[in-house]
Amino acid sequence: MEGQAAADARPNKTAHPVGRLLAFAGPRRALTYLGCVLSAISMLVSFGPYVCIWFAARDLIAAAPNWDAATDIATYGWWALGFAIASIALYFIGLMCTHLAAFRCASNMRKRATEHLMHAGLGYFDTHASGALRRVVDGCALETEGLLAHKLPDTAGSIAMIAGMFALFFVFDWRLGVACLVPVVVSLACMFYMMGGRGMDFMTRYMESLVKMNKTGTEYVRGIPVVKVFQQTVYSFRAFHDAIEEFTVLAQDYAVKWCQTPQALSLTVISAAAAFLVPVAVLLAPGETDLAHFAANFAFYAIFSAVIPTAMTRVMFMSDAFQSATDAVNRVEEVLAAPVIEAPLSPRTPADNAIRFNDVTFTYEGSGEPALDHVSFDVPAGATVALVGPSGGGKTTAASLVPRFWDADSGHVLVGGTDVRDMDPADLMGRVAFVFQANRLFSQSILENVRAARPDATREQVMAALEAAQCSDIIAKLPNGVDTVYGTDGSHLSGGEAQRLMLARAILKDAPIVVLDEATAFADPENEVKIQAAFKRLARGRDGSPRTVLMVAHRLSTVRNADKIVVLNEGCAAEQGTHEELLAAGGLYARMWADYEKAVSWRITSAEQSSKEPKGTEPHRAERVEGSVA
Ligand SMILES: Nc1ncnc2c1ncn2[C@@H]1O[C@H](COP(=O)(O)OP(=O)(O)OP(=O)(O)O)[C@@H](O)[C@H]1O
């Protein structure tokens, strides 16, 4: 169902990008059309002053040298002023319309993308960085505003200007009109030459090189600490340096070798359009019977040829805006195609809080190998089951299927006998507290961070959860205690401390099912002892009743007391049973346990040896505490 929904929402890239963009504006898109029409009319009206000037010039030529006979000059002046004001007013109203539509379009884009992300499967956020999503939601909307608010009405105006010019050119003297069109044709030919064929090839390579330069630049900056530690400064800079060099060469080749001549030619002919009239006029003048009339026409075409550069420049710079708006609408539509968690039409309520994996297979998109391959196991209500196994075995993936970060491709993940896909998503989320592997704290106060699990919780309840999660020492050292904003000065937390805060969140939520993903992965031994205490509180619940716990664990010391241990290896449930049963079976778990014990005894030995050494070579605290846990 999810895949189907995603397929339906997939962007229709064959439709025109402007049409796809305007779809976001809803009924307000009519304002865009109105704005474009007004801009086109404004452009035609802007010819008015030129026509008036021509009429004035014609009268003056006819009256010369008896200038007083040219009586309508003032009237033409007033008309010219009227046309100029009308043109500006129409353009202004047109821009108001397009701006209103553009703002609505951008805000709808942001709203729809944000709303869609609220319903997207949580796994989507694992593979799409939050920063990149924010840039899509916010940046893309911003990029489209320029196109809809300004470029589109300006293009409509430019098209009207070109059409108007064509009409006018052939009204008075088509021969002079054709002479005025010569620079237009030459300029268009230059544009096609620059953009077509090899020019397009250049442009594609230029864009690829730009992307490569940005990527290597980001990698270089991100990797600076590693580079410094391994003293690889020159070597690592080489890739970035090479990308800059490649881009520079391409940009220079494109600008100098490819564009220089046609660009120069185009700019010259359109700027000196009037010059094309001179030889034509010299050729035609001897055959003219009414020289005064011919001179007036010449003046008209000379004036109007000045309009050409404006229209040509506007049209030339349109393609850039179209390109970035097309990219923007593509990226927003990709976000809108993110698979969503579909709510069932008639949700079912689970009988209890037991978890069951029934022949579950799941493959990540784009991966050839299944991350989980026909996996089955049970977590009875109120029991604690640990997932262990080699790295990449599928532990995190299995844990992620319970709160529907992803949905199984085949088989069923059941809660209380009900497939999680048949449950109301809100019911499922209410039942499951998920402690993430990574730090998921917001830039808010610690109080609000914990309260995110239960917005109606009182300050006292949050404080109680923090105490239960052994966070009192963290709060005590923060400048403003529980009201310190996470991420501000003096509020830095270690990985283990952040995990205790996330456990406090889960304790406050007090959900009947707890899924812990690598809850001790970042913890130092001191933190781990506290995390274990917090975890015990979490596993009991506020009323003291046992919670159903599915925990992913690396440290075998933390799982030996679990009711059941499931060993996941290469996506398969290789073994399952209690610690003692698995040891007796002598399989993968027994080997892992033996390795673990060896490591611990090595640490104890090294700690003992160190303690016999002179002061100043005291064993590392981590080694001593780890040894004592086992
Ligand atoms: N987002 C993803 N996209 C594609 N493949 C993924 C993704 N996440 C995990 N995998 C792959 O799925 C398999 C199982 O990964 P998973 O993270 O579930 O293993 P794990 O047992 O939790 O590993 P570890 O102990 O190292 O955390 C691995 O082969 C991994 O490379």
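Here is what the cut-offs are and how they apply
- Residues numbered from 1 in each chain as written.
- Predicted model: local features only at pLDDT ≥ 70, side-chain atom pairs only at ≥ 80, totals over all residues.
- Near = placed C-beta within 6 Å.
- Helix = DSSP H or I, 4+ residues; strand = E, 2+ residues; numbered from the N terminus.
- Nonpolar A, V, L, I, M, F, W, Y, C, P; charged D, E, K, R; others polar.
- UniProt positions renumbered as here; feature names shortened; annotations may be inferred.
- Pairing = 2+ DSSP bridges.
- Axes fitted to C-alpha atoms, helices over the stretch in contact; angles between N-to-C directions.
- Contact = placed C-beta atoms within 7 Å.
- Buried ≥ 20, exposed ≤ 12 C-beta atoms within 10 Å, placed from the backbone.
- Parallel < 35°, antiparallel > 145°, perpendicular 65-115°, else oblique.
- Left-handed = near helix turned anticlockwise from the far one by under 90°.
- Core = buried A, V, L, I, M, F, W, Y, C linked by C-beta atoms within 7 Å.

**Observations regarding the site of the ligand**
- In the vicinity of the ligand, 13 residues are found, and the nearest of them are Tyr364, Ala371, Ser391, Thr396 and Thr397.
- Mapped by element, the contributors of at least two residues to the shell around the ligand are α6 (123-127) and α16 (395-401).
- In terms of residues, the shell around the ligand owes the most to one element, α16, which gives three residues.
- A class-by-class count of the residues in the shell around the ligand yields two nonpolar, nine polar and two charged.

**Regarding the UniProt feature "transmembrane region" (unreviewed entry) in the chain**
- The positions that UniProt labels "transmembrane region" (unreviewed entry) are, in the present scheme, residues 30-56, 76-102, 176-195, 264-285 and 291-312.
- The straight-line gap between the two end C-alpha atoms of residues 30-56 is 40 Å; of that span, 96% is helix and 0% is strand.
- As annotated, residues 264-285 comprises 73% helix and 0% strand, and the C-alpha atoms at either end are separated by 31 Å.

**Thoughts on the sheet that holds strand β6 (residues 432-435)**
- What the six strands build is an open sheet, ordered β6-β7-β8-β3-β9-β10; its pairing is mixed. Looking at strand neighbours, the two that pair on one side only are β6 and β10 (572-577), the edges of this open sheet. With strand direction ignored, the average angle separating the axes of adjacent strands in the sheet is 15 degrees.
- Together, β6 and β7 (513-517) form the strand contacts of helix α21 (residues 495-509), whose direction differs from that of β6 by roughly 175 degrees.

**Observations regarding unusual backbone geometry**
- Phi at histidine 374 is positive, roughly 55 degrees, even though this residue is not glycine.
- Here histidine 374 shows up in strand β2 (residues 372-379).
- Its 15 C-beta neighbours within 10 Å are what place histidine 374 among the partly exposed residues.
- The backbone phi angle of arginine 404 is positive, close to 65 degrees, even though this residue is not glycine.
- As for its placement among the helices and strands, arginine 404 is situated in the loop between α16 and β4 (410-415).

**Considering the pairing of β4**
- Relative to β4, strand β1 (residues 355-362) runs antiparallel, the two being bridged by five bridges. Directly across from arginine 356, in β4, lies its bridge partner leucine 414.
- With two bridges joining them, β4 and strand β5 (residues 418-419) adopt antiparallel strand pairing. Across the sheet, the residue bridging to leucine 414 is aspartate 419, located in β5.
- In this structure, the hairpin formed by β4 and β5 is closed by a connection of two residues, where glycine 416 is found at a positive phi of approximately 55 degrees.

**A short note on the environment of valine 18**
- Inspection of the secondary structure puts valine 18 in helix α2 (residues 17-22).
- For the pair valine 18 and leucine 147, spaced 129 residues apart in the sequence, the C-alpha separation amounts to 9.0 Å.

**A short note on the environment of valine 182**
- One can find valine 182 in helix α8 (residues 174-195).
- Exposure remark for valine 182: the 14 C-beta atoms within 10 Å place this residue in the partly exposed category.
- It is 9.2 Å that separates the C-alpha atoms of valine 182 and isoleucine 270, two residues lying 88 residues apart in sequence.

**What to know about the sheet that holds β5**
- Judged by pairing direction, the sheet is antiparallel, and its four strands sit side by side in the order β2-β1-β4-β5 without closing on themselves. Since the sheet does not close on itself, it has two edges, and those belong to β2 and β5, each with one partner.

**Quick look at the packing of helix α19 (residues 459-468) against α21**
- α21 packs onto α19 with a crossing angle of 125 degrees between their chain directions and a minimal axis gap of 8 Å. Put simply, α19 runs oblique to α21. Helix-helix and strand crossings are classified by hand; for α19 and α21 the assignment is right-handed. The segment α19 lies against α21, with Gln461, Val462, Ala465, Leu466 and Ala468 engaging Ala504, Ile507 and Leu508.
- Taken together, the residues of the contact of α19 with α21 break down into seven nonpolar, one polar and no charged.

**Comments concerning the nonpolar core**
- Leu387, Leu503, Ala504 and Leu550 are the most contacted members of the largest nonpolar core, which has 70 residues in total.
- Per element, the largest residue contribution to this core is eight residues, and it comes from α21.
- Among all residues touching alanine 504, those that are not within four sequence positions of it are Val450, Ala465, Leu466, Ala469 and Cys471.
- Counting 62 residues, the second largest nonpolar core, distinct from the first, contains Val18, Ala149, Met165 and Ala338.

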